[in-house]
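Coordinates in review
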Amino acid sequence: MGSQKHITNNKTTFSRQSLKAAQMAIKDAAKGMGTTDDVGSNAKAHFVFIPLMFQGHLIPAVDTALLLATHGALASIVVTPSNTGRIRPTIDFARKSGLPVRLVELALDCAAEGLPDGADDVDKVPSCLWTNYFRAVALLREPLERHLRAHEPYPTCVVSDFCHPWAKELAASFEVPRLCFFSMCSFCLLCQHNVERFNAYDGVDDDNELVIVPGLEKRFEVSRAQAPGFFRGFPGFEKLADDVEQALVEADGIVTNSFLEMEPEYVAGYAEARGMKVWTVGPVSLFHNRTVTLASRGNTAAIGADECLRWLDSKEPNSVVYVSFGSIAHAEPNQVVELGLGLEASGHPFIWVVKNADQHGDEVSEFLHELEAHVAGRGLLIRGWAPQVLILSHAAVGGFVTHCGWNSTMEAITAGLPVVTWPHFSDQFLNAKFAVEVLGIGVSIGVTEPVMYRVDQKEIVVRREVVEKAVRSVMDGGGEGEERRMRARALAAQARSAVEEGGSSHANLLDLIKNFEVDAGCDATA
Ligand code: UDP
């Protein structure tokens, strides 16, 4: 195919002619190869979503794809076999409701990169083989390209997780635009970008020394340990980190699970800093407005929706605190005990999601059983996957102790809940800062250093008294607490308006389709 792209400032202007010609070419190529799935074959926009297969990336990417499908675009979602089951109920429900969505299941060649069988499930990747995992994921490019060439209609846009720099070559081979998907807020993205582009850590030897985030009107402090940059600071990831940045620089735009009204200055600031458009389309969890999909969003829950709702129905409004550290972070055994005792002492009803409960040893196991007996009726332990958004949207829930993964933070905001911020690693420190210092809906638990992926593992980082105090502070009224809750509720109202017709996220979804449909003369420059 001859190139018909016009490159301006590294951004691509896609002409109607080039997309149409490409579409014709692929139709010819696909003839005789057979298609297994003709759902959405007449759609004018075809977004190919390539999520990173961690739940915190996969879940919001699927929701975003489905939101685009609700507006008539065909959404194909690339998934590896171990992850199919996690999203299948949602996809099946969407397809039964008539949404044009396809699953593209591709096997990960684990053996080629020395990974054990089944390691396309990230829970099964040995910690010493993470670089191998990312190399194996990059091998998906070829089979994916073959699949897309054999199944019409032609993709009109590739939306890939920012962790997949190889999607650049894929989109280029089809001569279609490529957007980077982030389930992150623009505040976090801009802070991270600014500390890097203004070399804020230069000359700073101590990873925990705070520096001021440059280039922002308001003063925020961050340390290298809290915001090292994507894949930075991990030996062996240097090339991936550089490739991720380069792929971002060359992207045709950014899609985020956030909404404009929550952080207008940071959305504008990040778009300007990157020189590309940022489409905020969140909160994407609002795609699910039915119990049936909420209950199975992202995985099979360890508790039935009915049981969970019955328990919550028995509680007073705003009385329950929900505690979860997401899909990756987990507390060390002694920290589990301390957290449990703090929750008990808080006097509040609680739902506590205990990840890897069976891996903490007999003592902790016994402790958890005893705790359950002490707090029977007041405390509900979920060992495994919780139907988080279903729980958060129940009127009985009044606060969330969160690790500040962005999805969880966004889901708290969407539910109008104040939060206790307990970041563990990665972007969680910036999200915590955003909740406490920008939005004014959070109480910090006081953790200032990452607790995961470090050699000198600390047994207990937060004492039970601190847990108790933070929970009381978020849950109990009082002037400050009430103001926090009011701010959280106001944000939730804005979040809902954003996704309704006429709202900013709704408009951005339509704009994405308009820009990347086959008849569009697309100029994706900011
Ligand atoms: N989640 C869930 N149940 C669980 C744990 C996590 O539904 O037991 C969902 C949660 O609602 C969120 C995602 O998994 O959508 C986790 O993403 P987040 O960014 O909060 O954290 P991560 O897991 O990436 O650290």
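Above: the structure in question.
Quick caveat: nothing in here was measured; it's all calculated off a predicted structure.

**Focus: the overall build of the chain**
Along the backbone of the chain there are 19 helices and 18 strands. Relative to its full complement of 526 residues, the chain shows a buried share of 58%. The long-range fraction of contacts in the chain, counting pairs at least 24 apart against all pairs at least 6 apart in sequence, stands at 72%. Only carbon and sulfur atoms are counted for the fraction: they give 50% of the accessible area of the chain, which is about 20900 Å².

**Quick word on unusual backbone geometry**
Note the cis peptide between E152 and P153, where omega equals 5°. Along the polypeptide, P153 turns up in the loop between α5 (141-150) and β6 (157-161). Across the junction of G282 and P283, the peptide omega takes the value -5°, indicating a cis bond. Positive phi values are uncommon outside glycine, yet N199 reaches one of about 50°. Among the structural elements, N199 can be located in the loop between α7 (186-197) and β8 (210-212). With a phi close to 60°, S426 is a non-glycine residue in the positive phi region. On the secondary structure map, S426 appears in the loop between β16 (419-421) and α16 (428-438). The exposure class of S426 is partly exposed, given its relative accessible area of 39%.

**Concerning the environment of P423**
Locating P423 in the fold gives a position in the loop between β16 and α16. Measuring from C-alpha to C-alpha, the distance between P423 and V447 comes to 6.9 Å, with 24 residues separating the pair along the chain. Ignoring anything within four residues of it in the chain, the contact list for P423 reads H403, Q428, F429, A432 and V447.

**Some details on the packing of helix α17 (residues 464-475) against helix α18 (residues 478-499)**
Running from N to C, α17 and α18 cross one another at 65°; their axes reach a closest spacing of 7 Å. By the criterion of interaxial angle, the relationship of α17 to α18 is roughly perpendicular. Side by side, α17 and α18 meet where S473, V474 and M475 of the first sit next to G481, R484 and R485 of the second. Looking at the contact of α17 with α18 residue by residue, the classes come out as two nonpolar, two polar and two charged.

**As for the pattern of salt bridges**
Inspection of every chain in the model, using the stated rule, returns 25 salt bridges. A salt bridge links D511 to K277, with the nearest nitrogen and oxygen atoms 3.1 Å apart. Placement of D511 in helix α19 (residues 504-516) and of K277 in the loop between α9 (264-274) and β11 (278-280) is noted, with a sequence separation of 234 residues between them. Here the residues in one salt-bridge network are R86, D121, D123 and K124, joined through shared partners.

**A few points about the site of the ligand**
In the region of the ligand, 18 residues are neighbours, and S327, A386, N407, S408 and E411 sit closest. Here an oxygen atom of the ligand and a backbone polar atom of W406 are 3.4 Å apart. Contributions of two or more residues to the shell around the ligand are made by α2 (55-70) and α15 (406-414). Ranked by the residues each element gives to the shell around the ligand, the list is headed by α15, at four residues. Tallied by class, the residues present in the shell around the ligand amount to six nonpolar, ten polar and two charged.

**Things to note about the sheet that holds strand β4 (residues 74-79)**
Spatial ordering of the open sheet is given by β5-β4-β3-β6-β7-β10-β11, a layout of seven strands whose pairing is parallel. Of all the strands in the sheet, the pair left with one neighbour each is β5 (101-105) and β11. In this sheet, neighbouring strand axes are inclined to one another by 25° on average, regardless of whether the strands run parallel or antiparallel.

**Focus: the sheet that holds strand β14 (residues 379-383)**
What the six strands build is an open sheet, ordered β14-β13-β12-β15-β16-β17; its pairing is parallel. Two strands bound the open sheet, and with one partner strand each, they are β14 and β17 (442-444). When strand polarity is set aside, the average angle formed by the axes of neighbouring strands in this sheet is 20°. Note: strand β12 (residues 320-324) against strand β13 (residues 350-354), three bridges, orientation parallel. When the bridges of β13 are listed, V323 appears paired with W352.

**A look at the side chain of H193**
Structurally, H193 is set in helix α7. Not counting residues within four places of it along the chain, the set of residues in contact with H193 comprises Y270, A273 and R274.

**Observations regarding empty space enclosed by the protein**
Applying the stated rule across the entire model yields three cavities of 30 Å³ or more. Computed from the structure, the largest cavity encloses a volume of approximately 100 Å³. Surrounding the largest cavity, 13 residues form its lining, F325, A331, V353, V354 and K355 being those nearest its centre. Sorting elements by how many residues they give to the lining of the largest cavity places β13 first, with three residues.

**Remarks on the nonpolar core**
With 134 residues, the main nonpolar core has F47, Y133 and F182 as its most contacted residues. Sorting elements by how many residues they give to this core places α2 first, with eight residues. In this view, F47 contacts L68, A73, L74, A75, S76, C157, V159, L512, I513 and F516; residues no more than four positions away in its chain are not counted. The next biggest cluster of nonpolar side chains, apart from the first, holds 35 residues, and it includes L371, L381, I445 and V462.

**Let's talk about the side chain of D161**
Secondary-structure assignment places D161 in strand β6. Polar contacts involving the side chain of D161 include one to the side chain of H57, which spans 2.7 Å. Excluding residues within four positions of it along the chain, D161 makes contact with I50, P51, L52, H57 and F181.

Thresholds, definitions, all that
- Residues numbered from 1 in each chain as written.
- Predicted model: local features only at pLDDT ≥ 70, side-chain atom pairs only at ≥ 80, totals over all residues.
- Heavy atoms only, no water.
- Helix = DSSP H or I, 4+ residues; strand = E, 2+ residues; numbered from the N terminus.
- Buried < 20%, exposed > 50% of the residue type's maximum accessible area, 1.4 Å probe, protein only.
- Contact = heavy atoms within 4.5 Å.
- Areas by Shrake-Rupley, 256 points an atom, 1.4 Å probe, with all protein chains shown as cover.
- Axes fitted to C-alpha atoms, helices over the stretch in contact; angles between N-to-C directions.
- Parallel < 35°, antiparallel > 145°, perpendicular 65-115°, else oblique.
- Nonpolar A, V, L, I, M, F, W, Y, C, P; charged D, E, K, R; others polar.
- Salt bridge = Lys/Arg side-chain N within 4 Å of Asp/Glu carboxyl O.
- Near = heavy atom within 4 Å.
- Polar contact = N/O pair within 3.5 Å; in protein donor to acceptor, adjacent residues only side chain to side chain.
- Pairing = 2+ DSSP bridges.
- 1 Å grid on protein atoms, 1.4 Å probe; cavity = no way out; pocket = protein on both sides within 12 Å on 5 of 7 lines; lining within 4 Å.
- Points joined across faces, edges and corners; volume = space filled by probe spheres on them.
- Core = buried A, V, L, I, M, F, W, Y, C linked by side-chain atoms within 4.5 Å.

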